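The primary structure of each chain is shown beneath.
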Amino acid sequence: MGIEIISSGLQTTIQDLGRVGWRHMGVPESGGADKISLKLANFILGKPFNSPVLECTLTGPTLKFSSPYSVTITGADMNPKINNKEVGMNQVIEVEPKDILSMDNCSKGCRSYIAFSEDILSEDFLGSASTYLPAKLGGIEGLPLKEGSVINTRPCKSETNSLTEVDVNLSIGFENEWNIRVIKGPEFNLIKETSREIIFSSIFKVSNDSNRMGNRLIGVKVDISDNIQMVSCPMAPGTIQCPENGLPIVLGCDSQTLGGYPRILQIAATDLHLIGQLRPNDTVSFEKISVDQARKELMKQNSLFNYLQ
Amino acid sequence: MSNVYRFNISDFSEDLLLVELDQAPEHLNFSSFFLSLSTYLRKKLDWVEVVAAEKSIAVKYDYLNITDSKAKELILSQVKEFDFKAESKTKPLLRVPVYYSDEFGLDIEQITKTKSITIEELINLHSNIEYEVKMIGFNPGFAYLGDLDEKLRIPRLSKPRINILPGSVGIAENRTGIYPFGGPGGWNIVGRTPIKLFDENKENPFLIKQDMRVKFEPITKKEFESFNK
């Protein structure tokens, strides 16, 4: 049973919820850049949240099925079609052998997730199927999917009941202008006083030079105190670090575990998935919240997903 | 433990704490202290993740089972009972065979030229030292080893290579290290080890760990090739 890759899309990789507990060995979490959309795709098919799915970037792939599957597509809308007929997002699509799923570009958001009723067979690395491109680990040979290759699948071990009706309130709203909640980072005070409020009233732009490791922001320069002596520090997904050139970098799920620039802000965990949907030229503004408020929001989001499971 | 140490525990994120020192004894080897403390904390099994950097540690806790104030209390009691001296026992020595040559040591020629040394001198300078693990990060399993002999210190490449062979041994500034996997890298490559730095079948699949010393041992091309058979 397999799925043939007719065309690969810009960058299509296998991802699950990632690998936790290995940062001390230099291994980042990886996993879906937008873990909420990834969970939603599995949830709609009634599969465990952590099941491997395909993560598509800006332009989706074209796939040909060799056997019947239920398929769900979440995240950024890349105009999916089955045999050239439009199909919807966030719903169960039944496909037959020889059916072709084609996807296009998206105009809002950056990444889509395709889940299948069967389990994708891939290379496990430290307990996760997630592809980590910088060291070529996980997925299929640690690489993006290639045209002409085949994804093999096997029946899902756990019992699945796909949804008949989907409450799409769970899917995130897609914009080209994002408001993201942040808490102060450990080196917030290294920002020059004149720049501190500007951060929260300015609109940043996402640079072309962005990927799963990080999104670079341009448009506004953040003034960092002169002559600072930084040593290498622990980083986390969602850490916003700012080099001396004043252009902040939002660290993504594949970012390195340690880094040497001031950590000026930290994206609230509830909004972390949004950075997976930032596309070049989107705008971003930051809203400051307290760490206690961020914790409350996280608990709320978490209980929603627990309720689903 | 003596009160010359004063810790500062702060919030890094919703479920991540930062452990730093506000006060430390004179001449403390910070990287060694925090590396050792992180190993100690990891053994407690109370934490999701414990990551050491040069002058701090990030500790991730399970926010669904422990509140932030409880986590802070617990971490403070654990770092206070940590005894750096007692934990600094002799670290096991790992011997890593390296085939130093132009074939894999892509930057050997450049280094020997810049430093006006022979290849033999380079090999001696690099393999005569028992290195300490200073930090692990950058890439999965990549250990920063130090200190490198002053005569060998050179900056990183101005343009990192896109794909380095697994097992490549590099140097940069006062550090040396081995690339466990392929991928990009900006260190000056002097040779390659035939041994595997990652074995999925082991409980901790990474060969080089925090509490180790590492020594490189020059091998011939023949020996390098026989390792792979």
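Residues numbered from 1 in each chain as written. Chains lettered and ligands numbered in written order. Predicted model: local features only at pLDDT ≥ 70, side-chain atom pairs only at ≥ 80, totals over all residues. Heavy atoms only, no water.

**Student:** Can you break down the overall build of chain A residue by residue, with the values?
**Tutor:** What chain A contains, in helices and strands, is four helices and 21 strands. Here the C-alpha atoms of chain A give a radius of gyration of 20 Å, agreeing with the 19 Å that 2.2 N^0.38 yields for 309 residues. Projected onto its principal axes, the C-alpha coordinates of chain A cover approximately 65 × 35 × 35 Å. In chain A, which comprises 309 residues, the proportion classed as buried is 56%. Contacts in chain A between residues far apart in sequence, at least 24 positions, make up 76% of those at least 6 positions apart. Carbon and sulfur atoms provide 47% of the accessible area of chain A, an area that totals close to 12800 Å². Taking the 29 positively charged and 35 negatively charged side chains of chain A as two groups, their mean positions are separated by 4 Å. (Helix = DSSP H or I, 4+ residues; strand = E, 2+ residues; numbered from the N terminus. Rg over C-alpha atoms; globule rule 2.2 N^0.38 Å. Buried < 20%, exposed > 50% of the residue type's maximum accessible area, 1.4 Å probe, protein only. Contact = heavy atoms within 4.5 Å. Areas by Shrake-Rupley, 256 points an atom, 1.4 Å probe, with all protein chains shown as cover. Lys, Arg positive; Asp, Glu negative; His and termini not counted. Charge placed at Lys NZ, Arg CZ, Asp CG, Glu CD.)

**Student:** Before we move on, could you go through the sheet that holds strand β6 (residues 81-82) of chain A and cite the residues and values that matter?
**Tutor:** All names here are of chain A. Pairing is antiparallel across the open sheet formed by seven strands, whose spatial order is β7-β6-β9-β4-β1-β12-β11. In this open sheet, the two strands that pair with only one neighbour each are β7 (85-86) and β11 (119-120). Pairing of β11 with strand β12 (residues 150-154) involves two bridges; the strand directions are antiparallel. In the sheet register, Ile 120 faces β12, and the bridge partner there is Thr 153. (Pairing = 2+ DSSP bridges.)

**Student:** Tell me what's going on with the domain arrangement of chain B, and back it up with residues and numbers.
**Tutor:** Residues and elements named next belong to chain B. In terms of domains, chain B is made up of domain 1 (6-81) and domain 2 (93-226). Roughly 580 Å² of surface becomes buried between domain 1 and domain 2 when both sides are summed, with 53% attributable to carbon and sulfur atoms. Seen at the junction of domain 1 and domain 2, the total is zero salt bridges. The tally of links between domain 1 and domain 2 comes to zero residue pairs in polar contact (both at pLDDT 80 or more). With five residues, helix α1 (residues 30-43) is the largest single contributor of residues to the side of domain 1 that touches domain 2. Considering only residue class, the side of domain 1 that touches domain 2 consists of two nonpolar, four polar and two charged. (Domains from an automatic or database assignment. Buried area = accessible area lost by both parts, 1.4 Å probe. Salt bridge = Lys/Arg side-chain N within 4 Å of Asp/Glu carboxyl O. Polar contact = N/O pair within 3.5 Å; in protein donor to acceptor, adjacent residues only side chain to side chain. Nonpolar A, V, L, I, M, F, W, Y, C, P; charged D, E, K, R; others polar.)

**Student:** Describe the domain arrangement of chain A, naming the residues involved and giving the relevant values.
**Tutor:** For an interface, size is often stated in terms of accessible area lost upon the parts coming together. All names here are of chain A. According to the domain assignment, chain A consists of domain 1 (2-170) and domain 2 (177-308). Each of domain 1 and domain 2 was reduced to a C-alpha centroid, and the two centroids are 27 Å apart. Across the contact, 33 residues belong to domain 1 and 23 residues belong to domain 2. With both sides pooled, the region where domain 1 packs onto domain 2 buries about 2100 Å², and carbon together with sulfur makes up 57% of that total. Applying the counting criterion to the domain 1 and domain 2 interface returns one salt bridge. The interface formed by domain 1 and domain 2 contains 12 residue pairs in polar contact (both at pLDDT 80 or more). For the side of domain 1 that touches domain 2, the secondary structure elements donating two or more residues are α1 (35-44) and β10 (111-116). Tallying contributions element by element places α1 first for the side of domain 1 that touches domain 2, with five residues. Along the lines of polarity and charge, the residues of the side of domain 1 that touches domain 2 split into 14 nonpolar, 11 polar and eight charged.

**Student:** Before we move on, can you summarise the environment of Gly 185 of chain B with the specific residues and values?
**Tutor:** Topologically, Gly 185 of chain B is positioned in strand β11 (residues 183-185). Apart from residues no more than four positions distant in its own chain, Gly 185 of chain B is found in contact with Pro 160, Arg 161, Ile 164 and Tyr 179 of chain B.

**Student:** For the packing of aromatic side chains, give the residues involved together with the corresponding values.
**Tutor:** Counting across every chain of the model gives 31 aromatic pairs over all chains. A ring pair is formed by Tyr 5 of chain B and Phe 7 of chain B, whose centres lie 6.5 Å apart and whose planes are at 10°; its orientation type is stacked. In terms of burial, Tyr 5 of chain B and Phe 7 of chain B fall into one category: buried. What links up through ring pairs into an aromatic cluster is the set Tyr 5, Phe 7, Phe 30, Phe 33, Phe 34, Tyr 40, Phe 82 and Phe 84 of chain B. Above the face of the Phe 12 of chain B ring, Arg 263 of chain A is positioned so that its terminal group lies 5.1 Å from the ring centre. Against the face of Phe 30 of chain B rests Lys 55 of chain B, its NZ or CZ located 4.6 Å from the ring centre. (Phe/Tyr/Trp six-rings, centres within 6.5 Å; stacked < 30°, edge-to-face > 60°. Lys NZ or Arg CZ within 6 Å of the ring centre and 35° of its normal.)

**Student:** Please give an account of the sheet that holds strand β20 (residues 263-267) of chain A that cites residues and values.
**Tutor:** Strands sit in the order β13-β20-β17-β18-β15-β14-β21 (chain A) around a closed barrel of seven strands; the barrel is mixed. Averaged over neighbouring strand pairs, the angle between their axes works out to 40° when direction is ignored. (Axes fitted to C-alpha atoms, helices over the stretch in contact; angles between N-to-C directions.)

**Student:** Lay out the interface of chain A and chain B with the relevant residues and their values.
**Tutor:** Taken together, the 40 residues of chain A in the interface contact 42 residues of chain B. Summing the contributions of chain A and of chain B, the shared interface buries around 3300 Å²; its carbon and sulfur component is 63%. Interface area lost by chain A to chain B is led by His 24, Met 25 and Arg 295 of chain A, which between them contribute 21%. On the surface where chain A and chain B come into contact, there are two salt bridges.

**Student:** I'd love a proper account of the nonpolar core, names of residues and values included.
**Tutor:** When a protein is soluble and globular, its nonpolar side chains tend to lie buried together. Phe 33, Leu 37, Leu 41, Ile 57, Ile 75, Phe 206 and Phe 216 of chain B are the most contacted members of the largest nonpolar core, which totals 64 residues. The element that contributes the greatest number of residues to this core is α1 of chain B, accounting for six residues. Contacts of Leu 41 of chain B, omitting those with residues within four sequence positions, involve Trp 47, Val 50, Ile 57, Val 59, Ile 75, Gln 78 and Val 79 of chain B. Residues Ala 76, Ala 129, Ile 151 and Phe 174 of chain A belong to the second largest nonpolar core, which totals 58 residues. (Core = buried A, V, L, I, M, F, W, Y, C linked by side-chain atoms within 4.5 Å.)

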